[in-house]
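Listed below, chain by chain, are the residues.
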Amino acid sequence: MQAGKRLLATVLVLALFGGALWYATQEHQGQQLQRPETQERRAVDSVTEMSGLVSVDLEPFFADVRVQKILRERKLPVRVTRVGSRDMAAQLGAAAMRSGGPAGGVADFYFPAGVLAANQIADEARKAGINATQTSPFNSPMVVASWQPIAAILVANGIARPSGERVYALNMERLVAAMLARKRWSELKAAEAFAVNRGVLVSTTDVRKSNSAVMYLALTSHALLGEVVTDRVSASAAAEKLAGLFKRQGYQENYVNGNFDDYLQIGMGKAPLAFIYEYQIVGHALNRSKAIQPDMVLMYPEPTIVNKFVLLATSARGRAMQAELAGNPELQRIAVEYGLRVADLGLFTAAVKPSGLAVQERLNQVIDPPAYELMSEMVEVLTREMAK
Amino acid sequence: MKICLKMTLLAGLLAILTACGRQEPSAPASTSTSHAAPVFEVLATSDLKDAQALEKMALQATGVNLKFRYGGTMESTEAVLTGRADAAAAWFANAKYLLSDSQGQSRVKLQEKIMLSPIAVGVSESAARALGWDRPEVAAKVSWKTITEAAGAGKLFYALSNPATSNQGFMALMGVVAAAAGKAEALAPEDVNRQAIATFLKGYKLIGDNSSYLSEKFIEGQGPRLNAFINYENWLLSLNASGRLREKLLLVYPREGVATADYPLMLLDEARREDYLKLVDWLKGKEAQTWLAQQTLRRPVNSEVAASLAGRFTHPGLLVELPFSPDRQLADGLISAYLNEFRKPVASTFVLDVSGSMGKEKRLERLVEVIHYVAGDDASLTGRIARLNEREKVWLLPFSTRPGQPELFEIPAGKRTGKGLAASPDSAAKLKVMAAVRAYADTLRAAGGTALYDSVLQALQMMAEQKKLHPDYQYSVIGFTDGENSHGRGFEAFQQDYAQLPEDARAIPVFMILFGDARESELKALVKVTGGLVFDARHTPLYRVFKDIRAYQ
């Protein structure tokens, strides 16, 4: 059972997580040339649908009729299947085995959330003798969605500082210290607007099941240790210390939008601070009228983590998709509508501006999460602590 | 073997992970209204009865043939947990109890919150004035602690649905526990202050298991001895709007102790995903959200609709939520302690028809079997409610041509002390009484006629005498019959004699079970006189009916 739990945690983190290894992965671009030129051209021109496995975050983008139309016009019609990022590597492996050789049965592209999931897929592809090239057309940083009165309290207590109009930088080290000291909101300076007895806590999704909460664990462990954790002993010690930040939240929603729904729908009394992907709130702001109330503000943890969406192409058509997503300004504009950042940062900021939501354009302090073995160790410790 | 286990775990995890993702609803599909569309059955908690009109609206707007099937919170939770919901989806006021369990999570493929309604304390205006709660600055400071004190001081007498079977009742208890512990987060069984619960329950006057029943009873009984109603905001606002109250209710939202129902619609049957997404998309759209807000007075989750209806809902300032403790030991311990220790103990007479017709169709065997369950060891979520609880008194009164001799069984109290909620096994003394109840049931034989009114009247008289001697019990009569009255008093004589009973006796509700060839109209007329409800066991398993009734006792 212990081994089983350990495996669960490992798989979870393996699949969810990524970071430093991203740039280390070789793209094997040159190997593309192994295929005959003619075959490649024919494949690209084909009008039969290509197949792609995409993470839940990207499914709405591919389901958008405008995206489908553009891709059809570019002779890249696509049928996507939503698959958990962590499930993709296993699916690729199984498909490669079934088809008894490279490419057959394998999707044209895989589009997971997070670099680690991407690396797992790349490893699996390598084992199956398939070339998988990687690009990252979209990304989204982790943010804390909050409220003007809460931000003012945190500023008064030196935990946050304004970094622009209605945008704040969140000092993670001080926030974590306050949370670990079990500070209540009512004990903070100038807390009249939220003088409640509840402890200062950030609401997350369930760390045992959800990627964004794992990102929170990475950021809080960094704040606690002052550096990215690099060994097992300090990883598990950090996780033990941090367990309260998760446990004390009480019931946590276990679906991706759970804590964000609470923030939006119930409000400050339920979720004064909600840890989310930036795309969640930006997408919401851009798709619904009156979605953003005037007192909703974003805080950018210092440092934060930028979650990358990695497109792995395993065929010529998959590679054409990579080029299309990287080069087609219309597709990029649509991706921005779903809250995603694209290479052209100006496109993103210009789109967000009229929504009433203020975002931090440039992120100065960005870290990579710890290596996946260590994250796995930490999630395992937390799982144990939370069962107590 | 080991690998196999790992693979199973892995598959399970992946299934959960995949299931947890929220999907953006797709564009609304064709608006054809084919009646041949397969039924999309939704198991809904009974407080959603006011939303039944959605069935028709959904069919027209989405082509999805939506049909609700209603049940109590615990009963429905149990059905989903055990995989016996037999429905495409479930719609609960609050699913946190279900979803804090990994088994529960695995049953739910997708979930989406549809609307909101915070639990509030509706206080009769005169009582609110007496308490000072009519002043907004005072009301803003009323916490579950203040409410507990008012109940303890004999100033607040409230209606509330059963804490063991409903979300409102349970969350109210959690609010009391959290306020008394002085901590709102990570409550554990050892934080429970037993005295606070006992004090709060001093004000518990009207018990029941669904909001429609409680609303009717509250309208009848509102006065100095019943001056508050703890329920979802929407039910309280509806009562105020109904014009049927003697005086309006002032809504108080407990400070730092608000529990908001968020009505997640949960997909259970993966094969119906497409219909589910259509429904969710429509339910969160402008038309349905506006209808729900205007007709059922629940707060919309659609920000646009919320903005357009701003001002419709009372704005008492910031509502700070009570975090829900996922600690199952706390939840289950609290329910068990409520039933066995804190609640006013139940004293009731089971008036049991053993006339000759009970020999048909194994009717008597079915009745005896139910008594075996009630006096047995069913530890399921609903079983623990049906079961005889500690301190409970039950008289079994068999009748045929005339009323038989009532036989009293009294379940002894358990031993508990101090703080916390340690689970305690049944005592030997309790088990002995339970065995005696079962043994008694086994002696029942079917013969003779049906003296229904004589027997019910005798039970009421006996309960009234007991109530005089031991007022600290919750009295009721459960009547069970499989045929028409054939001996003894007729209905008119019963009515006359009933009118002669003292007021205290007439306050005792009679719950009638309709079984076999019993006449529905006869029983309905009876409970109209006595107060109470008729439960139909002709098409529902008898044990399930008993479980339902137990939630009203």
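These numbers were taken from a predicted model, which means no experiment stands behind them. (Residues numbered from 1 in each chain as written. Chains lettered and ligands numbered in written order. Predicted model: local features only at pLDDT ≥ 70, side-chain atom pairs only at ≥ 80, totals over all residues.)

Q: How should I be thinking about the overall build of chain B in this particular structure?
A: For chain B, the count of helices and strands is 24 helices and 18 strands. A compact globule built from 553 residues should have a C-alpha radius of gyration of about 24 Å, and chain B, at 24 Å, falls within 12% of that. Reported as C-alpha extents along the three principal axes, the dimensions of chain B are approximately 65 × 55 × 55 Å. A buried classification covers 52% of the 553 residues belonging to chain B. The long-range fraction of contacts in chain B, counting pairs at least 24 apart against all pairs at least 6 apart in sequence, stands at 77%. (Helix = DSSP H or I, 4+ residues; strand = E, 2+ residues; numbered from the N terminus. Rg over C-alpha atoms; globule rule 2.2 N^0.38 Å. Buried ≥ 20, exposed ≤ 12 C-beta atoms within 10 Å, placed from the backbone. Contact = placed C-beta atoms within 7 Å.)

Q: Please explain the overall build of chain A as it appears in this structure.
A: In terms of regular secondary structure, chain A is built from 17 helices and 10 strands. Counting all 388 residues of chain A, 55% fall into the buried class. For chain A, the share of sequence-separated contacts (at least 6 apart) that also reach a separation of at least 24 residues comes to 77%.

Q: Would you take a moment to explain the sheet that holds strand β2 (residues 65-71) of chain B for this structure?
A: By definition, the strands of a sheet pair up through backbone hydrogen bonds, in either a parallel or an antiparallel sense. All names here are of chain B. Pairing within the open sheet is mixed, and its 5 strands lie in the order β2-β1-β3-β11-β4. Where the open sheet ends on each side, the last strands, each with one partner, are β2 and β4 (110-113). Averaged over neighbouring strand pairs, the angle between their axes works out to 25° when direction is ignored. The pairing of β4 with strand β11 (residues 264-267) spans 4 bridges and is antiparallel. Residue pairing in the sheet places glutamine 111 in a bridge with methionine 266 of β11. (Pairing = 2+ DSSP bridges. Axes fitted to C-alpha atoms, helices over the stretch in contact; angles between N-to-C directions.)

Q: Sorry if this is basic, but what is going on with the pairing of strand β18 (residues 532-536) of chain B here?
A: The side chains of a regular strand alternate between the sheet's two faces. All names here are of chain B. Of the strand pairs in this sheet, strand β17 (residues 510-514) and β18 are connected by 5 bridges, and their pairing is parallel. Note on β18: the bridge partner recorded for methionine 512 is valine 534. Running through helix α23 (residues 520-530), the crossover from β17 to the neighbouring parallel element β18 is right-handed. (Right-handed = clockwise from strand over helix to strand, strands pointing away.)

Q: Sorry, what's going on with the sheet that holds strand β16 (residues 474-481) of chain B here?
A: All names here are of chain B. One open sheet accounts for 6 strands, arranged β15-β14-β13-β16-β17-β18; its pairing is mixed. A strand with exactly one partner marks an edge of an open sheet, and here the two such strands are β15 (407-410) and β18. Adjacent strand axes in the sheet meet at a mean angle of 20° when their direction is disregarded. Of the pairings in the sheet, the one linking strand β13 (residues 346-353) to β16 comprises 7 bridges and is parallel in character. Note that in β16 the partner of alanine 347 across the bridge is tyrosine 475.

Q: How do you make sense of the environment of glycine 532 of chain B when you look at a structure like this?
A: Residues and elements named next belong to chain B. Examined against the element boundaries, glycine 532 turns out to sit in strand β18. C-beta crowding within 10 Å serves as the criterion here: with 21 such atoms nearby, glycine 532 is assigned to the buried category. Among residues more than four places away in sequence, those in contact with glycine 532 are Pro509, Val510, Phe511, Met512 and Val527.

Q: Whenever I open this one, the nonpolar core confuses me. Can you help?
A: Side chains of a nonpolar character, in soluble globular proteins, are inclined to be buried together. Core analysis: the largest hydrophobic core is formed by 300 residues, its most contacted members being Ile121 of chain A together with Ala89, Ala90 and Val177 of chain B. Broken down by element, the residue count for this core peaks at 10 residues, all from helix α9 (residues 167-181) of chain B. Those residues in contact with valine 177 of chain B that lie beyond four places of it in its chain are Leu187, Val192, Asn193, Ala196, Ile197 and Leu334 of chain B. (Core = buried A, V, L, I, M, F, W, Y, C linked by C-beta atoms within 7 Å.)

Q: Got a minute to help me understand unusual backbone geometry in this structure?
A: Glycine aside, a negative phi is what most residues show, and trans is what most peptide bonds show. Cis geometry marks the peptide bond from glutamate 302 of chain A to proline 303 of chain A; its omega dihedral reads -5°. Examined against the element boundaries, proline 303 of chain A turns out to sit in the loop between β8 (296-302) and β9 (306-313).

Q: Can you help me understand the packing of helix α17 (residues 363-374) of chain B against helix α19 (residues 428-442) of chain B in this one?
A: The angle between the axes and the distance between the axes are what describe a pair of packed helices. All names here are of chain B. Where α17 meets α19, the axes come as close as 9 Å, and the angle between the chain directions of the two elements is 175°. Here α19 runs roughly antiparallel to α17, going by the angle between their axes. Here α17 contributes Val368, Ile371 and His372 to the contact with α19, which in turn contributes Val437, Arg438, Ala441 and Asp442. Of the residues contributing to the contact of α17 with α19, the split by class is 4 nonpolar, 1 polar and 2 charged. (Parallel < 35°, antiparallel > 145°, perpendicular 65-115°, else oblique. Nonpolar A, V, L, I, M, F, W, Y, C, P; charged D, E, K, R; others polar.)

Q: For this particular structure, what's the right way to read the packing of α17 of chain B against helix α24 (residues 542-550) of chain B?
A: All names here are of chain B. Two elements in contact, α17 and α24, have axes separated by 9 Å at closest approach and are oriented at 45°. Judged on the interaxial angle alone, α24 and α17 are oblique. Seen from above, α17 lies across α24 with right-handed handedness. Here α17 contributes Arg366, Leu367, Val370, Tyr373 and Val374 to the contact with α24, which in turn contributes Leu542, Tyr543 and Phe546. Partitioning the contact of α17 with α24 into residue classes produces 7 nonpolar, no polar and 1 charged. (Left-handed = near helix turned anticlockwise from the far one by under 90°.)

Q: Just checking my understanding: could you explain the pairing of β9 of chain A for this structure?
A: Residues and elements named next belong to chain A. The buried count for β9 comes to 7 of 8 residues, which makes it a mostly enclosed element. Two elements, strand β3 (residues 109-111) and β9, share 2 bridges in a ladder whose sense is antiparallel. Across the sheet, the residue bridging to phenylalanine 109 is alanine 313, located in β9.

Q: Looking at this structure, how should I read the environment of alanine 261 of chain B?
A: All names here are of chain B. Within the fold, alanine 261 resides in strand β10 (residues 260-261). The class for alanine 261 is buried, based on 27 C-beta atoms found within 10 Å. Considering only alpha carbons, one finds alanine 261 and phenylalanine 546, 285 residues apart in sequence, at a separation of 28 Å. When sequence neighbours within four positions are dropped, the list of residues in contact with alanine 261 reads Ala93, Asn94, Leu116, Ser117, Asn167 and Tyr232.

Q: Would you mind showing me how to read the confidence of the model for chain B here?
A: When pLDDT is low, close inspection of the predicted coordinates is not appropriate. Residues and elements named next belong to chain B. Overall, the prediction assigns chain B a mean pLDDT of 88, with 91% of residues at 70 or greater. Taken element by element, the predicted model of chain B shows its lowest mean pLDDT in helix α1 (residues 2-20) (40) and its highest in strand β3 (residues 89-91) (98). Contacts for the low-pLDDT stretch residues 1-34, under 50 throughout, to residues beyond four places or in other chains number 63 contacts. At the level of chain-chain contacts, confidence expressed as ipTM amounts to 0.78, with global pTM at 0.82. (pLDDT = per-residue confidence, 0-100.)

Q: Sorry if this is basic, but what is going on with helix α8 (residues 144-152) of chain B here?
A: All names here are of chain B. Within α8, 7 of the 9 residues are buried, which leaves it mostly tucked inside the rest of the structure. Buried within α8 we find Trp144, Lys145, Thr146, Ile147, Thr148, Ala150 and Ala151. Each element contacted by the buried residues of α8 is listed here: β5 (115-124), α6 (125-131), α9 and α10 (194-201). At the exit of α8 stands glycine 154, carrying a positive phi of roughly 75°.

Q: Can you help me understand the confidence of the model for chain A in this one?
A: All names here are of chain A. For chain A, the average pLDDT comes to 86, and 86% of its residues sit at 70 or higher. For chain A, per-element mean pLDDT is lowest for helix α2 (residues 21-24), which scores 36, and highest for helix α8 (residues 148-156), which scores 98. A low-confidence stretch, residues 11-36 (pLDDT under 50), is modelled with 63 contacts involving residues beyond four sequence positions or located in other chains.

Q: Teacher, can you tell me more about the environment of isoleucine 478 of chain B here?
A: All names here are of chain B. Secondary-structure assignment places isoleucine 478 in strand β16. Counting along the chain gives 126 residues from isoleucine 478 to leucine 352, while the straight-line C-alpha distance between them is 8.4 Å. Sequence-distant contacts of isoleucine 478, that is, excluding residues within four places in its chain, are made with Ser348, Phe350, Val351, Phe511 and Ile549.

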